[in-house]
Structures are given as C-alpha cells and as structure tokens.
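# Overview (structure and organization)
Residues per chain, in single letters:
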Amino acid sequence: MQSQTTARPGPREVAEAARRARQVVGAVLSPAGARGSSEEWAAALGELRALADVVEAAEAEAVVRLAAIEPLVLETGELVETHRAPGHVSLDAPSIVSGVLGMTAVHAEHWVRDAVRRAADGPDGTDTATGLGALHLAMAQGRLDGYRAGVVARELEEVPAQVAATVLEAVDAYLGVEDAPRLRRRVRRVLARISPDLLRQRAVRARAASSLRRWVDEPGTDTWLGTFPSEEACRAWAAIDALAQRLVADGTCEGIDRARARALTDLVTGSATIDLRVHVVTVVPDGDPDGEVRPAGSAVATRPTDLVTVHGAAPGEPVLVARDWLERAVAATSSRPDHLGRVVVDPSSGALVPVDDPGADDYRPGAGLARLVRARDGRCRFPGCHVAARFCDLDHVVPWPVGPTTARNLVCLCRRHHRTKQRPGWSVVLHPDATTTWVDPTGRRRTTHPLDHRPVVLPDTGSDAHLPARPAGAAPSDAPHSVLEHLLEHGGPPQPSRGCRVEVHRPRGRPPGRLVVELAPHPRRRRSTPPGSPPF
C-alpha cells in the first residue's frame with residue numbers, strides 16, 4: 001500500500017484561495033435591496049467577522065514565512081533567498097510589509113512583531129516560545145480579531161512563555177465574547193493572581209517610560225498624546241480643570257474641552273522661558289537665480305487673522321498659524337536671514353533647491369549643506385517613515401566617492417532605513433525635484449516627497465462668524481452624552497432645566513482664587529420607576 005503525502009499549500013495556492021474567497025464574498029455585497037430580520041443580519045455580520053478573523057490569522061502565517069527569508073549574495077554575485085526557522089524576522093521584512101499593506105513604517109514594525117509572536121510560538125524551552133499560540137488559534141477559529149488579540153498580547157509583554165500560556169488558558173473562554181477593555185482587565189487580574197511580581201515590573205517599566213508626543217493633525221492644530229504616572233496626572237489634571245473652569249466662567253472659552261486645552265498651554269508656557277526664533281528662507285522668484293530675492297511666502301498681508309503655513313514648528317510637517325503671531329515672531333527674532341542660503345522652490349514638488357550647490361569635497365557635508373537637506377526633507381525619506389530629520393543620517397544616494405556630497409545626492413534616512421537601503425534588492429533614485437523612487441526586493445515601486453515649501457495662505461474673508469451652527473438636538477462636543485442619548489432625553493438643544501439624567505455643572509461667576517479639588521465617589525441616587533413611554 002502506497003502512502004500518500006499531502007503537500008502544504010505554497011504562496012501561489014494561498015494567493016489563489018484568497019482571490020476565490022474575495023470573489024465569493026464580493027458577489028453578495030450591496031445587500032441594500034435584500035430583506036431579512038435583525039437576527040438574520042446579525043448572524044450574517046457575525047459570520048463575516050469570523051471570516052475576517054480567519055483571514056487575519058492567515059495573514060500572520062504569511063508574515064511569518066516572509067519575515068524568515070534572508071537574502072544572500074553568493075561568491076558569483078548571484079542573489080539568492082535563504083529560509084530561516086519560523087520566528088526569525090529579517091531587517092527589511094517590516095519595510096516590505098509596509099509597501100504591501102500601505103502601513104507606516106512604525107505600524108508595520110509593530111504589526112510584523114505581533115504577528116510573529118502569535119503565529120510562530122515555538123515549543124516550550126526554545127528561543128521562539130512566546131506562549132501566545134492560543135491567540136493565533138482563536139483567530140484561526142474565527143473567535144478573536146486582531147485588535148483584541150493585540151490588546152491581550154501587549155498585556156503579556158515580556159512575560160515568560162509558560163506564564164503567558166497559563167494566563168491564556170484561564171481566559172480562553174472569554175476571548176470570543178468580551179470586548180478589549182474587559183479582556184485587558186481580566187488578563188491583569190489573572191496575571192496578578194499568578195505572578196504579581198511580573199505585573200509590578202510592568203507597571204514600573206510603564207511609569208519609567210511615560211512620555212509626551214506631538215504631531216500635526218487637523219489644519220491649524222496639533223495633537224498631543226501623553227502617558228504619565230497616575231499620581232502626577234491626577235494633580236496636573238486637577239490644575240488644568242480648575243483653570244479651565246475659570247476660562248469658561250469668564251467667557252474666554254465656550255466649551256470645557258477647548259478651555260482645558262487652553263489651560264494646559266497657559267500653564268506650561270507660564271512656567272518656562274521661551275526663546276522663539278524664526279529663520280527667514282530666501283527664495284529666488286520663478287526659479288530665476290538673477291531675480292530679486294524675497295522671503296518665502298511673503299504674500300501681501302490682508303488681515304492679521306489670516307492663516308499661513310510655517311515650517312519647523314513641528315518636526316517634518318508644515319503648520320498653519322495666524323499671520324499676526326508670525327509677524328510678531330519675525331519682529332522679535334534675531335536669526336540671520338540667510339539661514340539656508342539662496343534657494344529655489346521647485347514649482348512641481350515645493351522642495352527647497354539651492355541656487356548654487358557646490359557641495360563638499362569630502363564625505364561629510366558641511367553645516368550649511370546639512371541644514372538645507374534637513375529643511376528640504378523634514379523627515380526620513382524612506383516610504384512610510386516619519387522620523388524627524390534632526391534624528392536622521394545624511395545618506396549618499398549614489399555611494400561616495402562615486403556620488404558627490406551635494407544636496408542633489410543626499411537624503412535624510414533614519415538609522416534603521418539607512419541599513420535597509422544597503423540590503424540586497426533595494427534601490428533608490430533621487431530626482432531633480434527632490435522626490436525619491438524606491439524599489440523593494442519584490443519589485444514594488446514607491447515614491448516619497450520632500451516638504452512642500454510652496455506658501456499656503458488661508459485669508460480671513462470675514463465668513464468665520466457665519467459658520468454653520470450646531471445641528472438642532474446635537475449634543476455639545478464636551479458633553480458626556482452621545483448624540484442618540486441627548487435626542488432621546490431632550491429632542492432638541494440642551495435644556496438642563498428639563499432634568500437631564502447626566503448633569504453638567506458649570507461655574508457661575510468667577511471662582512475664588514483658590515480652588516479645592518475633592519476626589520470622592522459620587523453618591524448613588526435611587527432610580528425612579530421608568531415611565532410607560534419613551535424617553536425611558
């Protein structure tokens with residue numbers, strides 16, 4: 001009797017199966033004209049979610065195989081691929097994944113790492129053992145999605161594999177039924193019962209790694225994200241909220257959310273000495289080196305409340321600021337106007353291009369050339385990477401000494417992507433307009449762009465006072481209601497006198513100079529019998 005062996009499906013079979021599944025699911029889309037009960041559509045939604053969970057598990061399996069491939073250049077110069085054991089992650093695997101899935105570089109690094117930790121859980125006692133294999137199995141069974149699996153995996157960060165497996169065994173019955181916050185709390189309780197020292201070590205590390213980050217978000221605004229030790233955050237929030245209540249009471253701010261943001265910046269700037277400097281970039285108009293020079297973006301001022309773009313206020317991104325603020329900053333600055341020398345703003349990309357680019361005779365660029373390249377790029381020029389230029393290396397696109405040390409041959413690369421560029425199979429071209437074209441080992445081409453220094457001015461036309469009012473019945477942005485809850489309670493704009501169950505108290509008049517914040521539990525109220533008709 002002959003034994004039969006079934007070959008495991010390879011990447012082509014997996015890709016073909018994914019295409020067939022996509023066609024099957026795509027054929028039943030657009031159910032707008034279909035009928036069915038809420039129970040039936042809920043069941044259909046659950047099956048689609050289970051299918052998506054299985055697909056995420058299959059993605060993790062594919063990532064494990066991709067990450068284990070290392071390129072090797074033979075003595076003959078031939079480039080071949082070697083396959084390491086599952087659990088190995090090559091240096092450029094996240095960079096390849098970011099191009100395939102359209103992720104940022106940081107997101108791809110985290111995504112690859114999490115997928116490998118779940119799907120490549122090795123035998124106990126081996127270097128690849130993570131104890132998280134149960135998460136991958138639950139995803140493959142359609143019981144757990146990638147987000148909740150990631151939440152649980154982060155709670156078990158740096159936990160020994162045997163302990164992690166024990167925790168997952170204890171919470172397995174809840175993986176398919178509980179949301180992420182409840183799973184997080186459940187894992188912490190189990191871990192505290194099994195090994196309280198591990199949970200304490202995690203808390204100590206988290207407190208030591210508290211941080212504050214900032215990035216450009218909506219036009220004209222920045223977003224801050226901070227993590228702080230809880231007792232420090234409690235005192236700071238009390239101070240912010242107390243000042244915010246004053247700002248609402250005296251009419252400086254309309255809503256409490258805006259008042260808290262204003263209070264935070266007022267408290268910070270009031271406790272520090274700030275030296276703001278503005279570097280004026282000299283731009284040759286219309287790309288004519290012999291033309292009359294003028295400051296970049298020096299359009300004729302219309303109103304002090306115009307919004308204009310400036311660079312450097314946030315790493316790597318232009319921001320919108322009020323014109324009068326910029327004019328005051330320029331008047332107070334002592335910076336030299338030739339900070340970057342004479343440059344041309346490229347009409348197609350907005351890149352800063354030097355009128356004269358003599359470069360340097362040796363490998364290391366001079367201080368002026370380094371400033372220009374960093375101002376032009378703003379960030380790491382690898383696709384999807386947002387590391388600020390001041391933390392990047394200046395890399396020769398064409399290696400020195402074949403390639404010169406000039407702005408037309410230098411780009412900003414963070415240290416990781418500087419090393420990635422030197423891996424076999426990667427190539428990059430820096431074009432005259434300062435855009436770059438990258439080709440990865442799979443043949444995918446991606447383009448990155450320099451900072452766009454073409455001036456943007458949003459003039460104040462006097463229409464700001466006529467912005468659309470909040471829709472009738474919509475909850476205010478700082479209220480603890482959802483829109484649906486507010487409509488069910490009131491059916492219209494906020495009416496505190498009608499007995500809203502969620503009460504928002506605002507101070508009347510100016511509070512006293514000293515505010516005392518009491519941290520005490522809110523007293524429970526006896527609920528009345530609900531009426532027979534809505535609102536309940």
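Here the structure is a predicted model, which means the values were calculated and not measured. (Residues numbered from 1 in each chain as written. Predicted model: local features only at pLDDT ≥ 70, side-chain atom pairs only at ≥ 80, totals over all residues. Heavy atoms only, no water.)

## Things to note about the overall build of the chain
- In terms of regular secondary structure, the chain is built from 15 helices and 16 strands.
- Here the chain, with 536 residues, has 33% of them falling under the buried criterion.
- Within the chain, contacts between residues at least 6 apart in sequence are counted, and of these 53% link residues at least 24 apart. (Helix = DSSP H or I, 4+ residues; strand = E, 2+ residues; numbered from the N terminus. Buried < 20%, exposed > 50% of the residue type's maximum accessible area, 1.4 Å probe, protein only. Contact = heavy atoms within 4.5 Å.)

## Some thoughts on the pattern of salt bridges
- Taken as a whole and assessed by the stated rule, the structure comprises 29 salt bridges.
- Between Arg 182 and Asp 179 there is a salt bridge whose closest N-O contact spans 3.7 Å.
- For Asp 179, a relative accessible area of 37% corresponds to the partly exposed category.
- Through salt bridges with shared partners, a single network forms among Arg 113, Asp 114, Arg 117 and Glu 157. (Salt bridge = Lys/Arg side-chain N within 4 Å of Asp/Glu carboxyl O.)

## Quick word on the sheet that holds strand β15 (residues 445-448)
- On the basis of which strands lie adjacent, the open sheet formed by three strands has the order β13-β14-β15 and antiparallel pairing. Across the chains shown, the open sheet's two edge strands, defined by having one partner strand only, are β13 (427-430) and β15. Here the average twist between neighbouring strands, direction ignored, is 20°.
- Here β13 pairs with strand β14 (residues 436-439) via four bridges, running antiparallel. Residue pairing for β14: Leu 430 is matched across the bridge by Thr 436. (Pairing = 2+ DSSP bridges. Axes fitted to C-alpha atoms, helices over the stretch in contact; angles between N-to-C directions.)

## A few points about the packing of helix α2 (residues 38-67) against helix α4 (residues 105-119)
- Contact geometry of α2 with α4 gives a least axis separation of 9 Å together with a crossing angle of 100°. Between α2 and α4, the interaxial angle falls into the category roughly perpendicular. Facing Glu 59, Ala 60, Glu 61, Val 63 and Val 64 of α2, the residues of α4 in contact are Trp 111, Val 112, Ala 115, Val 116, Arg 118 and Ala 119.
- Its residues placed into classes, the contact of α2 with α4 shows eight nonpolar, no polar and three charged. (Parallel < 35°, antiparallel > 145°, perpendicular 65-115°, else oblique. Nonpolar A, V, L, I, M, F, W, Y, C, P; charged D, E, K, R; others polar.)

## Some thoughts on the pairing of β14
- In β14, alternate side chains face the same way, and those of Thr 436 and Trp 438 on one face and Thr 437 and Val 439 on the other are all buried.
- Two successive antiparallel strands, β13 and β14, enclose a turn made up of five residues, where Ala 434 displays a positive phi of approximately 75°.
- Linking β14 to β15, which pair antiparallel, is a turn of five residues; within it Gly 443 sits at a positive phi near 95°.

## Remarks on the nonpolar core
- Core analysis: the biggest nonpolar cluster contains 26 residues, and Val 373, Cys 380, Phe 382, Cys 385, Cys 412, Leu 413 and Trp 438 have the highest contact counts within it.
- Listed by contribution, the elements that provide at least two residues to this core are β9 (342-345), α13 (367-377), β12 (410-413) and β13.
- If sequence neighbours within four positions are ignored, Leu 413 has contacts with Cys 380, Arg 381, Phe 382, Cys 392, Asp 393, Asp 395, His 418, Lys 421 and Trp 438.
- Grouped together as the second largest cluster of nonpolar side chains are 22 residues, Ala 138, Val 152, Leu 156 and Val 163 included. (Core = buried A, V, L, I, M, F, W, Y, C linked by side-chain atoms within 4.5 Å.)

## Considering the environment of Pro 459
- By secondary structure assignment, the location of Pro 459 is in the loop between β16 (457-458) and α15 (483-489).
- Considered as a pair, Pro 459 and Ala 322 are 137 residues apart in the sequence and their alpha carbons are 9.9 Å apart.

## With respect to the packing of helix α8 (residues 180-194) against helix α9 (residues 196-208)
- Contact pair α8 / α9: the axes reach a minimum separation of 5 Å and the direction vectors enclose 120°. The orientation of α8 relative to α9 falls into the category oblique. Along its contact with α8, which presents Arg 188, Leu 191, Ala 192, Arg 193 and Ile 194, the element α9 presents Pro 196, Leu 198, Leu 199 and Arg 202.
- For the contact of α8 with α9, a count of residues per class yields six nonpolar, no polar and three charged.

## Some remarks on a nonpolar patch on the surface
- Judged by side-chain polarity, Leu 212, Trp 224, Phe 228, Leu 264 and Val 268 come together as a nonpolar surface patch covering roughly 470 Å² of accessible area.
- In this structure, Leu 212 sits in strand β3 (residues 211-216). (Patch = residues over 30% accessible without salt bridge, like charges linked within 9 Å, V, L, I, M, F, W, Y side chains within 5 Å. Areas by Shrake-Rupley, 256 points an atom, 1.4 Å probe, with all protein chains shown as cover.)

## Examining helix α5 (residues 133-140)
- Those residues of α5 that sit buried are Leu 135, His 136, Ala 138 and Met 139. Seen from one end, α5 has its buried residues packed into an arc of 160°, which puts them on one side.
- Contacts made by the buried residues of α5 are with α2, α4, α6 (146-155) and α7 (161-171).
- Gly 142, located one to two residues past α5, shows a positive phi value of around 80°. (Arc of directions from axis to C-beta.)

## Observations regarding the pairing of β15
- Burial along β15 is one-sided: Arg 446 and Thr 448 are buried, while Arg 445 and Thr 447, pointing the other way, are not.
- Across four bridges, the pairing between β14 and β15 is antiparallel. Bridge pairing in β15 links Thr 437 to Thr 447.

## Brief notes about the state of the cysteines
- Summed over the entire model, instances satisfying the criterion amount to zero disulfides.
- Between Cys 385, a free cysteine, and Cys 380, which holds the nearest cysteine sulfur, the sulfur-to-sulfur gap is 3.7 Å.
- Free cysteine: Cys 412, not disulfide-bonded; nearest cysteine sulfur from Cys 392 at 5.5 Å.
- Since its relative accessible area comes to 0%, Cys 412 is described here as buried. (Disulfide = S-S within 2.5 Å.)

## A few points about unusual backbone geometry
- The step from Trp 400 to Pro 401 runs through a cis peptide bond, and the omega angle for that step is 10°.
- For Pro 401, the position within the fold is in the loop between β11 (393-396) and β12.
- Phi at Glu 158 takes a positive value of approximately 60°, unusual for a residue other than glycine.
- By secondary structure assignment, the location of Glu 158 is in the loop between α6 and α7.
- Taking relative accessible area as the criterion, Glu 158 reaches 58% and is therefore assigned exposed.
- The backbone phi angle of Ala 434 is positive, close to 75°, even though this residue is not glycine.
- Within the secondary structure, Ala 434 sits in the loop between β13 and β14.
- For Ala 434, a relative accessible area of 5% puts it in the buried group.

Read these as spatial facts, not as claims about activity.
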